[in-house]
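Examination of the molecular architecture
In case you want the letters, here they are:
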Amino acid sequence: AQTVTQSQPEMSVQEAETVTLSCTYDTSESNYYLFWYKQPPSRQMILVIRQEAYKQQNATENRFSVNFQKAAKSFSLKISDSQLGDTAMYFCAFMRQKLTFGTGTRLTIIP
Amino acid sequence: GAVVSQHPSWVICKSGTSVKIECRSLDFQATTMFWYRQFPKQSLMLMATSNEGSKATYEQGVEKDKFLINHASLTLSTLTVTSAHPEDSSFYICSASPGVRSTGELFFGEGSRLTVL
């Protein structure tokens, strides 16, 4: 079974700064997807960024980028120029035939 | 992006009654739908996977007679919590996959908060 670990339960950063959320996973599969989802207080799950395991190039979506290290089974999320609206729970997730979530990191952006 | 609608968003019921939650994919056909449960300040735990026209596959520890899942069409899956008790109070979230055109991404409903008195 796949497991996803997020070692930072909570993080806070000043507005406009850069923050990195860590995620590691365990799998014997070679083809899979990795995601970062954001869950604001509304509880709606919002896709932040997606990475396909067979692609070596790190995914980027505007201020959000990942550092995907397949051999190390690491998938960290970097948020640049953080904004108040980035305050939320962030979940790392592994997808093969089903989506498995990490325990989450509560990120607070301080004005 | 694709839209998944979940209804009701909030429901209160008495202990011993049954509650049905609907999950609809509005603009795509969902060959597979997933049901998650989320306790306060915790992660999403997969309860079951449902494929259209077949029986749901439940995760270990999830009572299939307690949480009935039906996926009768390509756009609708339902979760029925039978004989609900206060410990069933939780936030339930569905997600859907468009199948063959899938990029691996799942689309999530807005969630349903169940409170059992």
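Our subject is the structure that appears above.
A quick note: this is a predicted structure, and the numbers were derived from the prediction, not measured.

**Points about the overall build of chain B**
Helix and strand counts for chain B come out as zero helices and eleven strands. In terms of overall size, chain B behaves like a compact globule, its C-alpha atoms giving a radius of gyration of 13 Å where 117 residues would be expected to give roughly 13 Å. Dimensions along the principal axes, computed over C-alpha positions, put chain B at roughly 40 × 25 × 20 Å. Taken across its 117 residues, chain B has 49% of its residues classed as buried. Partitioning the intrachain contacts of chain B with sequence separation of at least 6 by distance along the chain shows that 55% fall at a separation of at least 24. Working note: accessible area of chain B is about 5,700 Å², and carbon and sulfur atoms make up 53% of it. Distance from the positive charge centre (10 side chains) to the negative charge centre (10 side chains) of chain B: 5 Å.

**Quick notes on a nonpolar patch on the surface**
A cluster of nonpolar side chains, namely W10, I12 and L117 of chain B, defines an oily patch on the protein surface of about 370 Å² accessible area. Within the secondary structure layout, W10 of chain B lies in strand 2 (residues 10–13).

**Some details on the nonpolar core**
Within soluble globular proteins, side chains that are nonpolar tend to cluster in buried spots. In terms of nonpolar packing, the biggest core is built from 25 residues, with Y25, W36, F75, L77 and Y90 of chain A touching the most fellow members. Counting residues per element, the ones that place at least two in this core are strand 3 (19–21), strand 5 (33–39), strand 6 (46–52), strand 8 (64–69), strand 9 (74–79), strand 10 (88–95) and strand 12 (105–110) of chain A. Among the elements that line this core, the one with the most residues is strand 10 of chain A, at four residues. Counting 24 residues, the second-largest nonpolar core is a separate cluster that includes C13, W35, M47 and A48 of chain B.

**Overview of the pattern of salt bridges**
This model, assessed by the stated rule, comprises seven salt bridges over all chains. R96 of chain A is the salt-bridge partner of E29 of chain A, the closest N and O atoms lying 3.4 Å from each other. Of this pair, E29 of chain A sits in the loop between strand 4 (24–26) and strand 5 while R96 of chain A sits in the loop between strand 10 and strand 11 (99–101), and the two are 67 residues apart along the sequence. Classification of R96 of chain A by relative accessible area gives partly exposed; the value is 40%. Linking D88 of chain B and K66 of chain B is a salt bridge whose minimum nitrogen-to-oxygen distance equals 2.7 Å. Of this pair, D88 of chain B sits in the loop between strand 8 (76–81) and strand 9 (90–97) while K66 of chain B is found in the loop between strand 6 (57–58) and strand 7 (67–73), placing the two residues 22 residues apart along the sequence. The exposure class of D88 of chain B is buried, given its relative accessible area of 5%.

Conventions used here
Residues numbered from 1 in each chain as written. Chains lettered and ligands numbered in written order. Predicted model: local features only at pLDDT ≥ 70, side-chain atom pairs only at ≥ 80, totals over all residues. Heavy atoms only, no water. Helix = DSSP H or I, 4+ residues; strand = E, 2+ residues; numbered from the N terminus. Rg over C-alpha atoms; globule rule 2.2 N^0.38 Å. Buried < 20%, exposed > 50% of the residue type's maximum accessible area, 1.4 Å probe, protein only. Contact = heavy atoms within 4.5 Å. Areas by Shrake-Rupley, 256 points an atom, 1.4 Å probe, with all protein chains shown as cover. Lys, Arg positive; Asp, Glu negative; His and termini not counted. Charge placed at Lys NZ, Arg CZ, Asp CG, Glu CD. Patch = residues over 30% accessible without salt bridge, like charges linked within 9 Å, V, L, I, M, F, W, Y side chains within 5 Å. Salt bridge = Lys/Arg side-chain N within 4 Å of Asp/Glu carboxyl O. Core = buried A, V, L, I, M, F, W, Y, C linked by side-chain atoms within 4.5 Å.

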